[in-house]
Amino acid sequence: MEHPSAHPPGRLRTTPSWLLTQTAAHAARLVTAALGTRHARGYHYRLLATLAETGPASQADLGRHSGIDRSDIVATVNDLADRHLVRRQPDPTDRRRNIVHITPTGQRELVHLQHALDTAQDTLLAPLNPTDRHELVRLLDLLLNHHSKPEG
């Protein structure tokens, strides 16, 4: 983000794309710092949250459900397995692939990560009251859903 004493031109300060980009950069720093207190990264949280919500899954399915690229999913699973937060088991229907499970330790860590993430959200949204926070999330979700639709 820019230096606090910087004064961008007024037309930038009324441009939604610029405001979103600047806010997203600040949000990313807050989330990175918050998760870092638990020696975790965003991918760790996303994968644990996905497993907690959807249950055991193949690495390919985890990538699809969490939005983590296939090239990053193996490293993320390895990181979490090394910390005993997930475990791999052979798929009983296809021995060539593994099914990833969240462990009880992983469930507990997810609670800590969620708390860290919630704290970062509170810091990011500090100037907004609860009604404004809800409306911001609603509007951002509307934009994201609109732009995530497949073209056709």
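Scroll up for the structure.
Note that the structure is a prediction, hence the values are computed from the model and not measured.

Let's talk about the environment of Ala120
In this structure, Ala120 sits in helix α6 (residues 104–124). Sequence spacing of Ala120 and Thr37 is 83 residues, and the spatial spacing of their C-alpha atoms is 11 Å. Among residues more than four places away in sequence, those in contact with Ala120 are Leu30, Val31 and Ala34.

Some points on the pattern of salt bridges
For the structure shown, the criterion picks out eight salt bridges. The partner of Asp94 in a salt bridge is Arg96, and the shortest N-O contact between them spans 3.0 Å. Its relative accessible area of 21% is what places Asp94 among the partly exposed residues. The salt bridge partner of Glu135 is Arg138, with a shortest N-O separation of 2.8 Å. One end of the pair, Glu135, and the other, Arg138, are both in helix α7 (residues 130–148), three residues apart, so they sit about a helical turn from each other. Overall, Glu135 belongs to the partly exposed group, its relative accessible area being 31%.

A closer look at a nonpolar patch on the surface
A surface patch of nonpolar side chains, about 300 Å² in accessible area, is lined by Leu20, Leu136, Leu140 and Leu143. Structurally, Leu20 can be placed in helix α2 (residues 16–36). With a relative accessible area of 41%, Leu20 lands in the partly exposed category.

Procedures and definitions
Residues numbered from 1 in each chain as written. Predicted model: local features only at pLDDT ≥ 70, side-chain atom pairs only at ≥ 80, totals over all residues. Heavy atoms only, no water. Helix = DSSP H or I, 4+ residues; strand = E, 2+ residues; numbered from the N terminus. Contact = heavy atoms within 4.5 Å. Salt bridge = Lys/Arg side-chain N within 4 Å of Asp/Glu carboxyl O. Buried < 20%, exposed > 50% of the residue type's maximum accessible area, 1.4 Å probe, protein only. Patch = residues over 30% accessible without salt bridge, like charges linked within 9 Å, V, L, I, M, F, W, Y side chains within 5 Å. Areas by Shrake-Rupley, 256 points an atom, 1.4 Å probe, with all protein chains shown as cover.

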